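Here is how the chains run, residue by residue.
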There are 2 protein chains.
Amino acid sequence: MPMAHAANKTTPSTSEAPLKALSVSEILAASPDADWRAPDPANTLYMDLAGGRVVIELAPRFAPEHVANIRALARGHFWDGLSIYRAQDNFVVQFGDPDAGEAGARSLGDARARLPAEFERPAAGLSFTAIPDRDGWAPQVGFVDGFPAARDPASGQAWMTHCYGTLGAGRDMAADSSNGAELYVVIGQSPRQLDRNITVLGRVVRGMELLSSTQRGPEPMGVYEDAAQRTPIKAIRLASEVPTGQREHLQLLRTDSATFAALTEARRNRRDDWYKASAGHIDLCNIPLPVREAPSPLR
Amino acid sequence: MPMAHAANKTTPSTSEAPLKALSVSEILAASPDADWRAPDPANTLYMDLAGGRVVIELAPRFAPEHVANIRALARGHFWDGLSIYRAQDNFVVQFGDPDAGEAGARSLGDARARLPAEFERPAAGLSFTAIPDRDGWAPQVGFVDGFPAARDPASGQAWMTHCYGTLGAGRDMAADSSNGAELYVVIGQSPRQLDRNITVLGRVVRGMELLSSTQRGPEPMGVYEDAAQRTPIKAIRLASEVPTGQREHLQLLRTDSATFAALTEARRNRRDDWYKASAGHIDLCNIPLPVREAPSPLR
């Protein structure tokens, strides 16, 4: 029984492992429905690949101009037939138009070619759920609207952080040279050095394995030399533009809920028998966001 | 020109990106040969897959019993024809005998079935190159013999940390239930909560992309339900047991060298024009280990 074997015998245990899962499962099972939310279809992107669907939640409160442009690009079917043309190990996959900026580049349609940088924004007006754990990159870290984020009380600014699954807008040398057409997703160790250097605008909530298992391109950048290695994009759509019957019915745990706080604490101080030493700490980018299928009455 | 495009126009820049690369390249180009070392063939494993070779450096000073057992397993060709049977997204791939502990399990040959836990060891006797950057998981972090590591002045103990590419020995509930036959490699965000909970015994120095791009198994553990999804292992051998003509000729930058310190500083405070804000910090697991082909006179 390979499953039982691997689950019980020889494996570093995650919260999903059987013994740990009891605790996490119990916390999740006890969660009130009010601790869950359905992402807004107008802020949700579906990226359809041959292997399946990647679901992305956008963050208009951090990057309103970029999100508006991405909505325009999706409505114009900009990405359909384009590709993931870069996969750099332990860093990012990048997708969009491999010929952007060249002759033969695809038209942006109604979208804007250039946007202001949206690297950070005032913390005022955001509901910031801080975690007490020390962070080397920022004075304070936590979550805003479900997104991992940081803030600096001295500057009064807040920004989204680069964790596994973070979506950002590729740019040129100029800070204001991104438009959301070329996007990247983090597939490796959190590259927090990018924080406040590039516009972050969302996060993958389902389907990361479709991006992270992409064959890597050659060093140093991971851009495929052979176009045949690219992963074609069938379509990228706003959920709100997809017929109801073709939508996902996901719910995300609210990061300002008691359930989320309890799960974080269960990871900070592991209580199952597998762990012999408890870290007493958790890194912002080690806290996953629970996602579930919506209970059917809510569909 | 997709390469030029991606390198120059729309991409978050790593140290390998052209503009950054100048700085890093200059540092590396100026490095004296004495700053590089060839890994000991008796501490080097080659894991040969259909897609290529994964090169692993073992850490006998941290896990002498496990490394000795792995040498015995490799000499006995224990892993040949076995597989990577688990790939859990943002966590680990695991390989060995999927039937371990079951009827039909492969014999360990001359290797021992059970070893003492080697979770940590006295810091005394190790040359520990500390980095000044704060770490949430340990009082002090840095490098020992090229491996990312931590130490606690209060306990006088040191241990290897879980970063991208770290190799560890899967175990059961008992701390002393690992024997090195079932191994895992970190393919996601550093799972530092495993530190001091499991025996860490090495690190992948080349070929990570062969492991990290493996198709993921189903949740929660990533163990394939269908044996056909496993990645077969052609052979795992100690480099010292491989004919000279079939060996790799790699050199690793010494982590106690001035060159390594300069590279780390260049990443801590990015100086190229792409970066608008410099982090002034680096996380232990964001510091890569430079690897190069040995200059031919040294072969």
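On a predicted model such as this, the values are computed, not experimentally measured, just so you know.

Asker: Explanation requested: the sheet that holds strand β13 (residues 199–206) of chain B in the structure shown.
Answerer: The strands that make up a sheet are held in pairs by hydrogen bonds between backbone atoms, and each pair lies either parallel or antiparallel. Residues and elements named next belong to chain B. Strand order in this open sheet of nine strands is β14-β4-β5-β12-β11-β13-β3-β2-β15, and the pairing throughout is antiparallel. Edge positions in the sheet fall to β14 (231–232) and β15 (235–238), since each has one partner strand and no second. The pairing of strand β2 (residues 44–49) with strand β3 (residues 52–58) spans six bridges and is antiparallel. When the bridges of β3 are listed, L49 appears paired with G52. Lying on the sheet, helix α3 (residues 64–75) is in contact with β2, β3, β11 (166–169), β12 (183–186), β13 and β15; it crosses β15 at an angle near 120°.

Asker: Is there a simple way to explain the sheet that holds strand β2 (residues 44–49) of chain A in this structure?
Answerer: Residues and elements named next belong to chain A. The strand order around the closed barrel formed by eight strands is β2-β3-β13-β11-β12-β5-β4-β14, and the pairing between neighbours is antiparallel. Each adjacent strand pair in this sheet contributes to an overall mean axis angle of 35°, direction not counted. As paired strands, strand β11 (residues 166–169) and strand β13 (residues 199–206) are joined by four bridges and run antiparallel to one another. Paired with L167 across the two strands is G202, which belongs to β13.

Asker: Please clarify how the UniProt feature "domain: PPIase cyclophilin-type" (unreviewed entry) in chain A should be interpreted in this entry.
Answerer: When the UniProt feature table is mapped to this numbering, "domain: PPIase cyclophilin-type" (unreviewed entry) covers residues 52–240 of chain A. When the span residues 52–240 of chain A is considered, its composition is 9% helix and 32% strand, and the gap between its end C-alpha atoms is 19 Å.

Asker: Quick question: what am I supposed to make of the packing of aromatic side chains here?
Answerer: The geometry of an aromatic ring pair is captured by two quantities: the separation of the ring centres and the angle between the planes. Within this structure, the stated rule accounts for six aromatic pairs over all chains. A ring pair is formed by F143 of chain A and F260 of chain A, whose centres lie 5.0 Å apart and whose planes are at 80°; its orientation type is edge-to-face. In this pair, F143 of chain A is assigned in strand β8 (residues 140–144) and F260 of chain A in helix α5 (residues 258–268), connecting sequence segments 117 residues apart. With centroids separated by 5.0 Å and ring planes inclined at 75°, the aromatic side chains of W274 of chain B and Y275 of chain B adopt a geometry described as edge-to-face. A cation over a ring is seen here: R196 of chain B above W159 of chain B, with NZ or CZ 4.1 Å from the ring centre. Directly above the ring of W36 of chain B sits R292 of chain B, whose terminal nitrogen or CZ lies 4.1 Å from the centroid.

Asker: How do you make sense of helix α3 (residues 64–75) of chain A when you look at a structure like this?
Answerer: Residues separated by three or four positions in an α-helix point in the same direction, a consequence of the helix having 3.6 residues per turn. All names here are of chain A. Under the 1.5 Å per step criterion, the end-to-end length of α3 is 17 Å for twelve residues, consistent within 8% with the ideal 16 Å. All buried positions along α3 are accounted for by H66, V67, N69, I70, R71, L73 and A74. Directly beyond the C-terminal end of α3, a positive phi value near 60° is found at H77.

Asker: Whenever I open this one, unusual backbone geometry confuses me. Can you help?
Answerer: Here the amide bond leading from E219 of chain A into P220 of chain A is cis, since omega sits at 5°, within 30 degrees of zero. Structurally, P220 of chain A can be placed in the loop between α4 (208–212) and β14 (231–238). Here the phi dihedral of H77 of chain B falls at roughly 60°; this positive angle occurs in a residue that is not glycine. Judged by its relative accessible area of 38%, H77 of chain B falls in the partly exposed class. A positive phi is found at N90 of chain B, a non-glycine position, where the angle reads about 60°. Within the secondary structure, N90 of chain B is located in the loop between β4 (83–87) and β5 (92–96).

Asker: It is not clear to me how the environment of A258 of chain B should be interpreted in this structure. Could you clarify?
Answerer: Residue and element names in this part refer to chain B. Checked against the element boundaries, A258 lands in helix α5 (residues 258–268). Classification of A258 by relative accessible area gives exposed; the value is 61%. Separated by 223 residues in the primary sequence, A258 and D35 place their C-alpha atoms 7.7 Å from one another.

Asker: So what exactly am I meant to see when it comes to the environment of G207 of chain A here?
Answerer: All names here are of chain A. Relative to the assigned elements, G207 resides in the loop between β13 and α4. For G207, a relative accessible area of 5% corresponds to the buried category. As for G207 and A227, which are separated by 20 residues in sequence, their C-alpha atoms are 23 Å apart. Not counting chain neighbours up to four residues away, the residues in contact with G207 comprise R53 and V54.

Asker: What is the right way to read the environment of D40 of chain A from this model?
Answerer: Secondary-structure assignment places D40 of chain A in the loop between β1 (36–37) and β2. Along the sequence, D40 of chain A and N90 of chain A sit 50 residues apart, while their C-alpha atoms lie 30 Å from each other.

Asker: Help me understand the state of the cysteines in this model?
Answerer: Think of a disulfide as a covalent bridge from one cysteine sulfur atom to another cysteine sulfur atom. Residue and element names in this part refer to chain B. Per the counting criterion, the structure on display carries two disulfides over all chains. Linked covalently through their sulfurs, C163 and C285 form a disulfide whose S-S length is 1.9 Å. With the S-S dihedral at roughly -70°, the linkage between C163 and C285 falls on the left-handed side. Of this pair, C163 sits in the loop between β10 (157–160) and β11 while C285 sits in the loop between α5 and β17 (291–293); the two residues are 122 residues apart in sequence, bridging distant segments of the chain. For the residue pair C163 and C285, the accessibility class agrees, reading buried in each case.

Asker: For this particular structure, what's the right way to read the pattern of salt bridges?
Answerer: For side chains bearing opposite charge, pairing can occur when the charged atoms are close. Per the stated rule, a full pass over the model turns up 32 salt bridges over all chains. The closest approach of N and O atoms between D33 of chain A and R292 of chain A, which form a salt bridge, is 3.1 Å. Residue D33 of chain A is located in the loop between α2 (18–29) and β1, and its partner R292 of chain A is located in strand β16 (residues 291–293); the two are separated by 259 residues in the primary sequence. Close ionic contact of R37 of chain B with E57 of chain B constitutes a salt bridge, the shortest N to O distance being 2.8 Å. In this pair, R37 of chain B is assigned in strand β1 (residues 36–37) and E57 of chain B in strand β3, connecting sequence segments 20 residues apart. A residue is classified by how much of its surface remains accessible, and R37 of chain B, at 15% relative accessible area, is buried. Through salt bridges with shared partners, a single ionic network connects R37, E57 and R203 of chain A.

Calculation notes
Residues numbered from 1 in each chain as written. Chains lettered and ligands numbered in written order. Predicted model: local features only at pLDDT ≥ 70, side-chain atom pairs only at ≥ 80, totals over all residues. Heavy atoms only, no water. Pairing = 2+ DSSP bridges. Helix = DSSP H or I, 4+ residues; strand = E, 2+ residues; numbered from the N terminus. Contact = heavy atoms within 4.5 Å. Axes fitted to C-alpha atoms, helices over the stretch in contact; angles between N-to-C directions. UniProt positions renumbered as here; feature names shortened; annotations may be inferred. Phe/Tyr/Trp six-rings, centres within 6.5 Å; stacked < 30°, edge-to-face > 60°. Lys NZ or Arg CZ within 6 Å of the ring centre and 35° of its normal. Expected span 1.5 Å × (residues − 1). Buried < 20%, exposed > 50% of the residue type's maximum accessible area, 1.4 Å probe, protein only. Disulfide = S-S within 2.5 Å. Salt bridge = Lys/Arg side-chain N within 4 Å of Asp/Glu carboxyl O.

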